[in-house]
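Structural features, examined
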Amino acid sequence: MAAPTNQASKPRIFGVYKPVGPTSHDIVNRIRRVTGEKRVGHAGTLDPLACGVLVVAVGRESTKQLQAIVESEKEYVAGVRIGQGSTTDDAEGDKSDGPIIDPPSVETINEVLQKFVGEIEQVPPAYSAIKVGGKTAYKMARKGQALELRARTVLIKEIELLGCEWPELSIRVVTGPGTYIRSLARDIGEALGTKAYMSSLERTRVGQFRKEDAIPVEEIMMLSSSSLEEYLKN
């Protein structure tokens, strides 16, 4: 069903709460079906294993504003599994054991976490959308091709230890653009003297778009184009 012409041109940007499972592209396609609008985009991909705030723009004028949102501050809550590494730096990859270490104190963990606050050099995960010689890194990695990713300067504004049930940490992270939480988890393990990977991820904020204001995907799928417009006004 095509969106009414008086609504299709209206700027419309909102946060959707993406569950674990679907890709960000899946969510965009669902919203296309609801709105009847071909020009639908999102600000910052969430992997299928991640959940949380996905900022979506509907319509030509809205999608033009996405780049500024991509570059905005983001907040995450992540699980970090200490003692094992992963080929993908998350729970999806093949695991390998790291050196066995004694459980560190909370004070030691906090000291390690704070070393990552500020501008740091970070190597992106091999399974990422980074381009290497014009080719996508994750496609090369899946084919078993050797690749060397260069470290990039990223900004981590805050890290807070939310909980520790060894060997699992729960952390809250506030970042600038381009930061990989998977890489951060891996590097935290190295700083503790072993391996680690990101076991879970929830994006709780993208700029001004917060988790508590995001629309669940299930609710969007029950709305028509006109009722979605009315829903967003409330």
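Thresholds applied
- Residues numbered from 1 in each chain as written.
- Predicted model: local features only at pLDDT ≥ 70, side-chain atom pairs only at ≥ 80, totals over all residues.
- Heavy atoms only, no water.
- Helix = DSSP H or I, 4+ residues; strand = E, 2+ residues; numbered from the N terminus.
- Buried < 20%, exposed > 50% of the residue type's maximum accessible area, 1.4 Å probe, protein only.
- Contact = heavy atoms within 4.5 Å.
- Areas by Shrake-Rupley, 256 points an atom, 1.4 Å probe, with all protein chains shown as cover.
- pLDDT = per-residue confidence, 0-100.
- Core = buried A, V, L, I, M, F, W, Y, C linked by side-chain atoms within 4.5 Å.
- Salt bridge = Lys/Arg side-chain N within 4 Å of Asp/Glu carboxyl O.
- Phe/Tyr/Trp six-rings, centres within 6.5 Å; stacked < 30°, edge-to-face > 60°.
- Lys NZ or Arg CZ within 6 Å of the ring centre and 35° of its normal.
- Pairing = 2+ DSSP bridges.
- Polar contact = N/O pair within 3.5 Å; in protein donor to acceptor, adjacent residues only side chain to side chain.

In terms of regular secondary structure, the protein chain is built from nine helices and 14 strands. Relative to its 234 residues, the protein chain shows a buried fraction of 46%. The contacts of the protein chain with a sequence gap of at least 6 include a subset with a gap of at least 24, amounting to 71%. Total accessible area on the protein chain is roughly 12,000 Å²; 49% of this is exposed by carbon and sulfur atoms.

Detail in the predicted coordinates should be disregarded across regions flagged by low pLDDT. On average, the protein chain scores 87 in pLDDT, and the residues at 70 or more come to 82%. Low pLDDT, under 50, characterises residues 1–9; the stretch is placed with 16 contacts to residues that sit more than four places away or in other chains.

Before going further, it helps to examine the nonpolar core. Phe116, Ile171, Leu184 and Ile188 are the most contacted members of the largest nonpolar core, which has 26 residues in total. When contributions to this core are tallied by element, the ones reaching two or more residues are strand 4 (74–82), helix 5 (106–114), strand 10 (152–165), strand 11 (168–175), helix 7 (181–191) and strand 12 (196–206). In terms of nonpolar packing, the next biggest core, distinct from the first, is built from 15 residues, Phe14, Val34, Ile220 and Leu228 among them.

As enumerated under the stated definition, the model contains ten salt bridges in all. With a shortest N-O distance of 3.4 Å, lysine 64 and glutamate 61 are connected by a salt bridge. Classification of glutamate 61 as partly exposed rests on a relative accessible area of 37%. In this structure, the salt-bridge partner of glutamate 73 is arginine 205, at a minimum N-O distance of 2.6 Å. With glutamate 73 in the loop between helix 4 (66–70) and strand 4 and arginine 205 in strand 12, this pair connects stretches of sequence that are 132 residues apart.

Enumeration according to the criterion identifies zero aromatic pairs in this entry. Over the ring of tyrosine 197 we find lysine 95, and its NZ or CZ is 5.2 Å from the ring centre.

Where burial is concerned, most of strand 3 (residues 51–58) is hidden: eight out of the eight residues are buried. Both strand 1 (residues 12–18) and strand 3 contribute to a ladder of seven bridges, which runs antiparallel. Directly across from lysine 18, in strand 3, lies its bridge partner glycine 52. When strand 2 (residues 40–43) meets strand 3, the two strands line up antiparallel, connected through four bridges. Pairing of glycine 41 across the sheet is with alanine 57, part of strand 3. Two elements, strand 3 and strand 12, share two bridges in a ladder whose sense is parallel. The residue bridging cysteine 51 from the neighbouring strand is glutamate 202, located in strand 12.

Most of helix 7 sits inside the fold, with nine of its eleven residues counted as buried. Turning to helix 7, its buried residues number three or more, namely Ile181, Arg182, Ser183, Leu184, Ala185, Arg186, Asp187, Ile188 and Gly189. The elements touched by buried residues of helix 7 are strand 4, helix 5, strand 7 (118–122), strand 10, strand 11 and strand 12. Within two residues after helix 7, glycine 193 carries a phi angle of roughly 95 degrees, on the positive side.

As a further point, take the side chain of threonine 35. Relative to the assigned elements, threonine 35 resides in helix 2 (residues 24–35). A distance of 2.9 Å separates a polar side-chain atom of threonine 35 from the backbone oxygen of isoleucine 31.

So, on to unusual backbone geometry. Between tryptophan 166 and the following residue, proline 167, the backbone shows a cis peptide bond with an omega angle of 10 degrees. Here the phi dihedral of aspartate 89 falls at roughly 65 degrees; this positive angle occurs in a residue that is not glycine. Structurally, aspartate 89 can be placed in the loop between strand 5 (84–86) and strand 6 (95–97). With a relative accessible area of 8%, aspartate 89 lands in the buried category.

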